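Structural overview for review
Chain by chain, the residues run as shown.
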Amino acid sequence: MTTAEFSSLPLLPVLLQSVESLGYQQMTSIQQQSLPPMLAGKDVLARAKTGSGKTAAFGLALLSQIDPLIYKTQALVLCPTRELAEQVSKEIRALARFMANIKLLTLCGGSPIIHQVNSLEQAPHIVVGTTGRILDHLNRNTLSVETVKVLVLDEADRMLDMGFEEDIHKIAKKTPATRQSLLFSATYPDAIHTMSQKILQTPVVVTVESVDETNHIEQHFVEVAYSDKAIAVTKILAHYRPESTVIFCNTKADCNELTQHLRSKGFDVLTLHGDLEQRDREQVLLRFANKSCPVLVATDVAARGLDIKELSAVINFELVYDPEVHVHRIGRTGRAGNQGLAFSLCAPKEAPRVVAIEEYQKIKVNWLDLNELHTPVVASLKATMVTICIEGGRKDKLRPTDILGALTGEGGLAGAEVGKIDIFDIRAYVAVKSHVAPKALKRLQAGQIKGRRFRVTKVG
């Protein structure tokens, strides 16, 4: 085990400068264990969930190998979803801020392929993307990976869940056999071991026990008939009134039915599952992350890429069979030393799954009696923010400060009334307090941002 200081690692001075500027004080467990072997050029198989610091770990490792003077693709990162790819790209760009002339390109579905083809002509040093779009470019011969030094598979278990195993192997075969391979997974199903044997060479295995990461989570189990689960969810939300809640369902049908039930009771709620179009997925994730919606109902696979640092509560509408996945679900709350709430609704037939969780976590679960919960007169939960979409983004040279300035100039909003700002290639989103949303929308529609007019609409 290394010391917890980044300065103890053989990192380039510019990378240490980035780490310091980003406020990273000490390494997380996954960074302490994985960075030394990665920086030594070894293959790594690591179990680490979202929020553990894994992106910074492999980001620093691959940036250490990039030669800015060689204009060829030297690192390739595969992600299961566009949302995660955007997150990863954003963090790697931040880590590379003091490295001169580093080019990174994100390749995902949902964006015009012709723009990507034009960008690829400049041979980016780093490519981050989803397997489908990466393979599409390889088949078109618009992307070359013959000079890749580092291949990263991020959230590999979800890529397998989504049926991308064959695509991953096709992509890996097109990269040099001498490359370094880094595989990160939140869980270790048998399929991950099989994949690692085919792609990695004598890897260093790193495991950060997720069981220990539930210390800040107040976990409750509720025995309830399946037909009464929607009512139970309503009671829990009305009593505890969490600021942000993810409700996990095992099927898309349950997602839709529960969402309709909650909306009928006056709750602001969004749903996230595999049937949504890409732009709808993007907007759902953004609205939940920027507090424009307090409740998100989602399936496991769809919720990957969800980056909420302070999630108040998690509700399991139905228990999963794998206790490791259960721990991963509830581990989305109670992060960074904050207290979190986790509720699991259990029909009688799910009793064996409760036993499996107790054995895996080495705990005796706490049963909650719904009759003891107080339901206020106003039981619904409403969003505190509203999201506005601007049809202009990174390609238009828009920056968060440009949007903030347009909103808060003379006679405009107070800075505290403006929330999270997200900028993508061709559009941007800004969250504003609900009570000033009409004023903000009118101001952006009538005015200019960076001397230009953009189409501006309210989302939802």
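How each quantity is defined
- Residues numbered from 1 in each chain as written.
- Predicted model: local features only at pLDDT ≥ 70, side-chain atom pairs only at ≥ 80, totals over all residues.
- Heavy atoms only, no water.
- Core = buried A, V, L, I, M, F, W, Y, C linked by side-chain atoms within 4.5 Å.
- Buried < 20%, exposed > 50% of the residue type's maximum accessible area, 1.4 Å probe, protein only.
- Helix = DSSP H or I, 4+ residues; strand = E, 2+ residues; numbered from the N terminus.
- Contact = heavy atoms within 4.5 Å.
- Pairing = 2+ DSSP bridges.
- Axes fitted to C-alpha atoms, helices over the stretch in contact; angles between N-to-C directions.
- Polar contact = N/O pair within 3.5 Å; in protein donor to acceptor, adjacent residues only side chain to side chain.
- Salt bridge = Lys/Arg side-chain N within 4 Å of Asp/Glu carboxyl O.
- Phe/Tyr/Trp six-rings, centres within 6.5 Å; stacked < 30°, edge-to-face > 60°.
- Lys NZ or Arg CZ within 6 Å of the ring centre and 35° of its normal.
- Parallel < 35°, antiparallel > 145°, perpendicular 65-115°, else oblique.
- Left-handed = near helix turned anticlockwise from the far one by under 90°.
- Nonpolar A, V, L, I, M, F, W, Y, C, P; charged D, E, K, R; others polar.

A few points about the nonpolar core
Residues Phe 58, Leu 62, Ile 92 and Ile 126 are the most contacted members of the largest nonpolar core, which totals 41 residues. In terms of residue count, the dominant contributor to this core is helix α3 (residues 54-63) (seven residues). In contact with Phe 58, not counting residues within four places along its chain, are Met 38, Val 77, Val 88, Ile 92, Val 152, Asp 154, Leu 182 and Phe 184. With 27 residues, the next largest nonpolar core counts Val 127, Leu 153, Ala 172 and Met 195 among its residues.

Thoughts on the sheet that holds strand β17 (residues 456-458)
The strand order β15-β16-β14-β17 describes an open sheet built from four strands, whose pairing is antiparallel. At either end of the open sheet lies a strand with only one pairing partner, and these are β15 (418-423) and β17. In this sheet, adjacent strand axes meet at a mean angle of 20° when their direction is disregarded. Relative to strand β16 (residues 428-433), β15 runs antiparallel, the two sharing four bridges. In the strand pairing of β16, Ile 423 is matched with Ala 428. Strands β14 (385-390), β15 and β16 of the sheet are contacted by helix α16 (residues 400-408), whose axis makes an angle of about 140° with β15. In the packing of helix α17 (residues 437-446) onto the sheet, the strands contacted are β14, β16 and β17, and the crossing angle to β14 comes to about 10°.

A few points about the side chain of Asp 402
Inspection of the secondary structure assignment puts Asp 402 in helix α16. According to the relative accessible area criterion, Asp 402 is buried, its value standing at 14%. Those residues in contact with Asp 402, other than ones at most four positions away along the chain, are Lys 397, Ile 449 and Lys 450.

Remarks on helix α14 (residues 323-330)
Think of an α-helix as turning once every 3.6 residues; residues three or four places apart then point the same way. Burial analysis of α14 places eight of its eight residues in the buried class, which makes it a mostly covered element. Every buried residue of α14 is accounted for by Pro 323, Glu 324, Val 325, His 326, Val 327, His 328, Arg 329 and Ile 330. In this structure Asp 322 caps α14, since a side-chain oxygen of it lies 2.9 Å from the backbone nitrogen of Glu 324.

Points about the pattern of salt bridges
Here the structure, examined in full by the defined rule, presents 21 salt bridges. Here Glu 318 makes a salt bridge to Arg 353, at a shortest N to O gap of 3.6 Å. Remark: Arg 353 occurs in helix α15 (residues 351-361) and Glu 318 occurs in the loop between β12 (313-316) and α14; sequence separation between them is 35 residues. Judged by relative accessible area, which is 12%, Glu 318 ranks as buried. What emerges from the salt-bridge pattern is a single network uniting Arg 82, Glu 86, Glu 282 and Arg 427.

Some thoughts on the packing of aromatic side chains
A complete count under the given rule lists six aromatic pairs for this structure. On the numbers, 4.8 Å between centres and 50° between planes, the contact of Tyr 240 with Phe 343 is tilted. One end of the pair, Tyr 240, is in helix α10 (residues 229-240); the other, Phe 343, is in strand β13 (residues 340-346), with 103 residues separating them in the sequence. Judged by its relative accessible area of 25%, Tyr 240 is partly exposed. Overall, Phe 343 belongs to the buried group, its relative accessible area being 1%. The ring of Phe 317 carries Lys 229 above its face, with NZ or CZ at 5.7 Å from the centroid.

What to know about the pairing of strand β11 (residues 295-298)
Along β11, one buried face is formed by Val 295 and Val 297 and the opposite face, lined by Leu 296 and Ala 298, is buried too. As defined by bridge partners, strand β9 (residues 245-248) adjoins β11 across four bridges and the pair is classed as parallel. Following the sheet pairing, Val 246 is matched in β11 by Leu 296. Relative to β11, strand β10 (residues 269-272) runs parallel, the two being bridged by four bridges. Residue pairing for β11: Leu 272 is matched across the bridge by Ala 298.

Some details on the side chain of Ser 196
Inspection of the secondary structure assignment puts Ser 196 in helix α9 (residues 190-199). Discounting chain neighbours no more than four positions away, the residues touching Ser 196 are Leu 45 and Leu 183.

Comments concerning the packing of helix α8 (residues 165-173) against α9
Contact pair α8 / α9: the axes reach a minimum separation of 11 Å and the direction vectors enclose 15°. Here α8 is positioned roughly parallel relative to α9, judged by the angle of their axes. Viewed along their axes, α8 and α9 form a crossing whose handedness is right-handed. The segment α8 lies against α9, with Glu 165, Ile 168, His 169 and Ala 172 engaging Met 195, Lys 198 and Ile 199. When the residues that make up the contact of α8 with α9 are grouped by side-chain class, the tally is four nonpolar, one polar and two charged.

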